[in-house]
Number of protein chains: 2
Amino acid sequence: MTIRPYDARDWPALWAILQPIFRAGETYPFAPDISEAEAKAAWVSRPLATYVATDEYNGVLGSYYLKPNQPGLGDHVCNCGYGVAEAARGRGVATQLCIHSQAEARRRGFHAMQFNLVVATNEGAVRLWRRLGFEIVGRLPQAFRHRQLGFVDAFVMYKLLA
Amino acid sequence: MTIRPYDARDWPALWAILQPIFRAGETYPFAPDISEAEAKAAWVSRPLATYVATDEYNGVLGSYYLKPNQPGLGDHVCNCGYGVAEAARGRGVATQLCIHSQAEARRRGFHAMQFNLVVATNEGAVRLWRRLGFEIVGRLPQAFRHRQLGFVDAFVMYKLLA
């Protein structure tokens, strides 16, 4: 598996990964009916950088974006989002993407990484981020409208990178 | 004191209030050298609504903006920012603005209000938001570069409106 910067030719495969994640409405706050153009803006155009994990057999396996979480005096804390293809689950792709993103964030001078809305029912993600050094620093009551479960809590997770 | 929707003619007075707040770099993450156009976009154009507190003697005394804190499945939680003129401090303007914003948020169907980055050294604001029903739900280590104090912690504060 290689992790490298996103290339415009990755988009069709990346959208095929992200679309079912967003449509499911269980992990990301993006509107489930988000358009392809809006998704591309959110994942590729607006962030500072986007990376993809690939292998030569399956092409794009997953991706993350990296961006400052706040403007100006808060822009030393970054935010990332991760997505992994359904068919590539269980191979440690998310782990590798998160490790890569932390190194990349450090390299770019960020002091910390913050996840603003980790859906509490997304237990696999919470466990993974904790294993990778993130702490739950806050709980937001009913902050996410889960498509299956209705209003559920979300966590703010945070890691100092220094 | 009257609180009413922002009108385009309020901008010069509002900018005279916001500019020293942003330039000080002690409470908002906006870049201290933010341009007038960027400030207007952040306070007036991008939010869902902006309100001003005025009286007939001093004109605009303070203001707040209201917007969804997240897209899609997180857009039932709103976010507000408040600013009060230096000369109008101590008159309860921020209290009245916050009470108004909570009513306005409820009226528009929001379920909760979240402040993402309340600078921990801004003790007056923390005390005020707590008095008005907000809880500190998270602490973000070193998440704010205070212009005088360097890296300081920030709080995530939250209130269910239902």
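Residues numbered from 1 in each chain as written. Chains lettered and ligands numbered in written order. Predicted model: local features only at pLDDT ≥ 70, side-chain atom pairs only at ≥ 80, totals over all residues.

(A) Quick look at the overall build of chain A. Along the backbone of chain A there are 4 helices and 7 strands. Along chain A, helices (α) and strands (β) appear in the sequence β-α-α-β-β-β-α-β-α-β-β when read from the amino end. Projected onto the principal axes, the alpha-carbon positions of chain A cover approximately 40 × 40 × 30 Å. Taking all 162 residues of chain A together, 41% fall into the buried category. Within chain A, residue pairs in contact and separated by at least 24 positions form 58% of the contacts whose partners lie at least 6 positions apart. (Helix = DSSP H or I, 4+ residues; strand = E, 2+ residues; numbered from the N terminus. Buried ≥ 20, exposed ≤ 12 C-beta atoms within 10 Å, placed from the backbone. Contact = placed C-beta atoms within 7 Å.)

(B) Examining unusual backbone geometry more closely. Not every positive phi belongs to a glycine, and glutamine 142 of chain A is a case in point at roughly 60°. Structurally, the position occupied by glutamine 142 of chain A is in strand S6 (residues 135-146).

(C) Broad picture of the interface of chain A and chain B. Counting residues at the interface gives 29 residues for chain A, matched by 29 residues for chain B. Every element with two or more residues in the side of chain A that touches chain B is listed here: strand S5 (112-119), S6 and strand S7 (150-160) of chain A. Broken down by element, the residue count for the side of chain A that touches chain B peaks at 9 residues, all from S6 of chain A. Residues that form the side of chain A that touches chain B fall into these classes: 18 nonpolar, 9 polar and 2 charged. (Nonpolar A, V, L, I, M, F, W, Y, C, P; charged D, E, K, R; others polar.)

(D) Spatial organisation of the relation of the copies chain A and chain B. For the pair chain A and chain B, the relating rotation is 180°, the translation along its axis is 0.0 Å, and the fit reaches an RMSD of 0.0 Å. Seen this way, the second copy is the image of the first under a two-fold rotation axis. Residues of chain A ranked by C-alpha distance from the rotation axis are headed by glycine 138 of chain A, positioned 1.9 Å from it. The share of interface residues of chain A whose copies in chain B are also at the interface is 100%, consistent with both copies meeting through the same surface. (Least-squares fit on C-alpha atoms with pLDDT ≥ 70 in both.)

(E) Local environment of the packing of helix H1 (residues 11-24) of chain A against helix H2 (residues 36-45) of chain A. All names here are of chain A. Where H1 contacts H2, the axes come no closer than 11 Å and their chain directions differ by 100°. By the angle between their directions, the pair H1 and H2 is classed as roughly perpendicular. Within the contact between the two elements, H1 uses Trp11, Trp15, Leu18 and Phe22 and H2 uses Glu36, Ala39, Lys40 and Trp43. Residue composition of the contact of H1 with H2, grouped by class: 6 nonpolar, no polar and 2 charged. (Axes fitted to C-alpha atoms, helices over the stretch in contact; angles between N-to-C directions. Parallel < 35°, antiparallel > 145°, perpendicular 65-115°, else oblique.)

(F) Molecular detail of the pairing of strand S3 (residues 59-68) of chain B. Residues and elements named next belong to chain B. Burial runs high along S3: 7 of the 10 residues are buried. Where strand S2 (residues 49-55) lies against S3, 7 bridges are found, and the strand directions are antiparallel. In the sheet register, alanine 53 faces S3, and the bridge partner there is glycine 62. Where S2 hands over to S3, the hairpin turn is made up of 3 residues, counted between the paired strands. Two strands pair when backbone bridges link them, and S3 and strand S4 (residues 77-84) are joined in this way by 7 bridges, in the antiparallel orientation. Bridge pairing in S4 places tyrosine 64 opposite tyrosine 82. (Pairing = 2+ DSSP bridges.)

(G) View of the environment of alanine 112 of chain A. Along the chain, alanine 112 of chain A falls in strand S5. Along the sequence, alanine 112 of chain A and valine 60 of chain A sit 52 residues apart, while their C-alpha atoms lie 27 Å from each other. Leave out the neighbours within four places in its chain, and alanine 112 of chain A touches Val77, Tyr158, Lys159, Leu160 and Leu161 of chain A together with Gln142 and Ala143 of chain B.

(H) Examining the confidence of the model for chain A more closely. For chain A, the average pLDDT comes to 97, and 100% of its residues sit at 70 or higher. Among the scores for the predicted complex, ipTM is 0.94 and pTM is 0.96. (pLDDT = per-residue confidence, 0-100.)

(I) Region of interest: the environment of arginine 145 of chain B. For arginine 145 of chain B, the position within the fold is in strand S6 (residues 135-146). Sequence spacing of arginine 145 of chain B and valine 119 of chain B is 26 residues, and the spatial spacing of their C-alpha atoms is 9.4 Å. Contacts of arginine 145 of chain B, omitting those with residues within four sequence positions, involve Leu73 and His76 of chain A together with Gly150 and Phe151 of chain B.

(J) Seen up close, the environment of phenylalanine 110 of chain B. With respect to the helices and strands, the residue phenylalanine 110 of chain B is situated in the loop between helix H3 (93-107) and strand S5 (112-119). Taking the number of C-beta atoms within 10 Å as the measure of exposure, phenylalanine 110 of chain B has 25 and is therefore buried.

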